[in-house]
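Each chain, written out:
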Amino acid sequence: MKHLLSIEELNATQIKSLIDDAVRLKAQRGSHEQPLTGQTWAMIFTKSSTRTRVSFEVGIRELGGFPMFLSKNDIQLGRGEPIQDTARVLGRMVHGCIIRTFAQSDVVNFANLSGVPTINALTDDEHPCQILADLLTVRELLGGWNGKKVAFIGDGFSNMTISWMWAAKRLGFELVVACPADYQPTAEFLKKLDAPNVTITQDPVAAARDADVINTDVWLSMGQEDQQDKEHAFGPYQVNAALLENAAAGHLVLHCLPAYREKEITEEVLEKHASTIFQQAENRLHAQKAVLVAIAKG
Ligand code: CP
Ligand code: NVA
C-alpha cells in the first residue's frame, strides 16, 4: 500500500487486512514492530483536530518514527504557497505526510507530486481513517459487519457518510442513510457508487428500524460554520432515546466526535453509549497504526 487517500480506492481484502492488523497491533501495544524507525512524517493540518492529531502523533512514535506537526499557519501554505510546491519541497525531506484539509484534490495532488506516502486525515469528501476505526469497533463489539444493518442519521453527503457508503459498497453490509431531502447524496454520486445495499431515505425511523449500528455526525462540518440555516432541516434527524427504540436489541451507537449535544445526538444517548463512542475514538490509534504498517511494508 502506497497511500491512503480514500475508502473508495480500497478493496475489501485491503480493508479486512487493515482491520486484522489493527486488532493485532492493539493486542501487542508496547511490544510490536517499529517499521518507521528513522522516519519523519509531516502532518499538515488546515482544520482543527484532537483525535486525529493525537492518534497519529502517538502512533508514529510507537512505530519508531518522528511526527512533525505543521498547522497551516506555521508554514507558507497559510500565506498562499500552493500545495503543489509544498508537496515538492516536503517530498525531498520527509518519509510520509498526513494531511487534513478541504479539497480532496489537494491530498491527491500532494500524493502525486511529493512522491512520498500520503494519508488523508479528513477532507470535505472522505474521512477514511475514521471509518477504519469505526469498522474495527463494530468488529470488536458485534463480531463483524456481515449481515448487519447500519443506519447513518444526519447529513447524507458529508465526508463521514461518503466514506461509510464506500465501506458498505466494498464490504457488502446494509447501509441506510436517513437525511433531509436537501442533504442527500447527489444522483451522480449514487450512480458512481452503484451499491444496491446502500439506500437513502428521508425517514429516520425507517433507517433506525432493526439497525445494529446507529451512526451520526455533526450537522455542520468544518468549513460550514456559517451555514447555520442548514441546521433547521435536521431537527427530525437527532439520535435520541425515542429513535433508538426502533433499533435492534444490542445495537451500537457510533459518533466520530466531536459531538454537539442536543443537536445531532442527545446528552442522554451519548452518555449511555459512551463506552462504545470512546472505544471508537481510541481505535483511531490502532487503525491508523495498521495503515502506517501497511505503507511501511510497501
Ligand atoms: N473524529 C475526528 O476526526 O476527530 P478530530 O477532529 O478531533 O480529529
Ligand atoms: N463531518 C465532520 C467530521 C469531523 C471529524 C467534519 O468534517 O467536521
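Note that the structure is a prediction, hence the values are computed from the model and not measured.

## Some words on the pattern of salt bridges
Alright, step 1. All told, the structure shown has 14 salt bridges when counted by the stated rule.
Alright, step 2. The residue Arg261 makes a salt bridge to Glu271 at a minimum N-O spacing of 3.2 Å. Pair noted here: Arg261 is in the loop between β9 (252-255) and α10 (267-272) and Glu271 is in helix α10, with a separation of 10 residues, a long-range link.
Alright, step 3. For Arg261, a relative accessible area of 38% puts it in the partly exposed group.
Alright, step 4. Owing to a relative accessible area of 42%, Glu271 belongs among the partly exposed residues under this scheme.
Alright, step 5. The network of salt bridges with common partners includes Asp21, Arg24 and Glu33.

## Structural notes on the state of the cysteines
Alright, step 1. For the coordinates displayed, the defined rule picks out zero disulfides.
Alright, step 2. Cys256 provides the cysteine sulfur closest to Cys179, a residue in no disulfide bond, and the two sulfurs are 16 Å apart.
Alright, step 3. Owing to a relative accessible area of 6%, Cys256 belongs among the buried residues under this scheme.

## Section: the layout of surface pockets
Alright, step 1. The calculated volume of the largest pocket comes to roughly 500 Å³.
Alright, step 2. Taken together, 28 residues form the lining of the largest pocket, with Val218, Leu220, Met222, Pro258 and Tyr260 sitting closest to its centre.
Alright, step 3. Broken down by secondary-structure element, the contributors of at least two residues to the lining of the largest pocket are α2 (51-62) and α6 (159-171).
Alright, step 4. Considered class by class, the residues forming the lining of the largest pocket number 10 nonpolar, nine polar and nine charged.
Alright, step 5. Considered as a void within the structure, the second largest pocket measures approximately 200 Å³ in volume.
Alright, step 6. Around the second largest pocket, the lining residues are Ser6, Glu8, Gln104, Asp125, Glu126, Phe157, Ile162, Trp166, Thr186, Glu188, Phe189 and Lys192.

## Focus on the packing of aromatic side chains
Each aromatic ring pair is characterised by the separation of its centres together with the angle its planes make.
Alright, step 1. Scanning the entire structure with this criterion turns up seven aromatic pairs.
Alright, step 2. Ring geometry for Phe157 and Phe189: centres 5.4 Å apart, planes at 65°, overall edge-to-face. Of this pair, Phe157 sits in the loop between β5 (149-153) and α6 while Phe189 sits in helix α7 (residues 187-193), and the two are 32 residues apart along the sequence.
Alright, step 3. Phe157 sits in the partly exposed class, given a relative accessible area of 30%.
Alright, step 4. Between Tyr183 and Phe234, the ring centres sit 5.2 Å apart and the planes meet at 35°, which makes this aromatic pair tilted. Taken together, the residues Tyr183 in the loop between β6 (174-178) and α7 and Phe234 in the loop between β8 (213-216) and α9 (241-244) connect sequence positions 51 residues apart.
Alright, step 5. For Tyr183, a relative accessible area of 21% gives the class partly exposed.

## Regarding the nonpolar core
Alright, step 1. Ranked by internal contacts, the top residues of the largest apolar core, which has 55 residues, are Ile98, Ile119, Leu132, Leu135, Trp164, Phe173 and Leu175.
Alright, step 2. With sequence-adjacent residues up to four places away left out, Leu132 is seen in contact with Leu4, Ile7, Ile15, Leu18, Ile19, Ala287 and Val291.
Alright, step 3. Among the nonpolar cores identified, the runner-up in size contains 23 residues, and Ala208, Ile214, Tyr237 and Ile277 belong to it.

## Overview of the pairing of strand β3 (residues 96-100)
Alright, step 1. In terms of residue burial, β3 counts as a mostly covered element, since five of its five residues are buried.
Alright, step 2. In β3, alternate side chains face the same way, and those of Gly96, Ile98 and Arg100 on one face and Cys97 and Ile99 on the other are all buried.
Alright, step 3. Looking at chain direction, strand β1 (residues 40-45) and β3 are connected through five bridges and run parallel. From the neighbouring strand, Met43 faces β3, where its bridge partner is Ile98.

Conventions and cut-offs
- Residue positions are given per chain, counting from 1 as you read along its sequence in written order.
- Key to labels: chains lettered from A, ligands numbered from 1, both in the order written.
- Whole-chain, interface and lining totals are the exception, using all residues; otherwise, since this is a predicted model, local features are given only for residues with pLDDT of at least 70 and side-chain atom pairs are given and counted only at 80 or more.
- Only hydrogens and water are set aside; all other atoms, that is, all heavy atoms of the structure, feed into the side-chain values.
- Every case where a carboxyl oxygen of Asp or Glu lies within 4 Å of a side-chain nitrogen of Lys or Arg is listed as a salt bridge.
- In this description a helix means any DSSP run of H or I spanning at least four residues, a strand means any run of E spanning at least two, and both kinds are numbered starting from the N terminus.
- We call a residue buried when its accessible area falls under 20% of the maximum for its residue type, exposed when it is over 50%, and partly exposed in between, using a 1.4 Å probe and counting protein chains only.
- By disulfide we mean two sulfur atoms from cysteines, separated by a distance within 2.5 Å.
- With a 1 Å grid laid over protein atoms only, a set of points is called a cavity when a 1.4 Å probe fits there but cannot get out and a pocket when it is open yet has protein on both sides within 12 Å along at least five of seven lines; lining residues have an atom within 4 Å of a point.
- Grid points are joined across faces, edges and corners, and a volume is the space filled by probe spheres set on the points.
- Think of it as three bins: nonpolar holds Ala, Val, Leu, Ile, Met, Phe, Trp, Tyr, Cys and Pro, charged holds Asp, Glu, Lys and Arg, and polar takes everything else, Gly as well.
- Each Phe, Tyr or Trp ring, with Trp reduced to its six-membered ring, pairs with another whose centre is within 6.5 Å; inter-plane angles below 30 degrees give stacked pairs, above 60 give edge-to-face pairs, and intermediate values give tilted ones.
- We define a nonpolar core as any set of buried Ala, Val, Leu, Ile, Met, Phe, Trp, Tyr and Cys residues linked to one another through side-chain atoms lying within 4.5 Å.
- A contact between two residues is defined here by any heavy atoms of the two lying within 4.5 Å.
- Strand pairing is assigned whenever DSSP identifies at least 2 bridges connecting the two strands.

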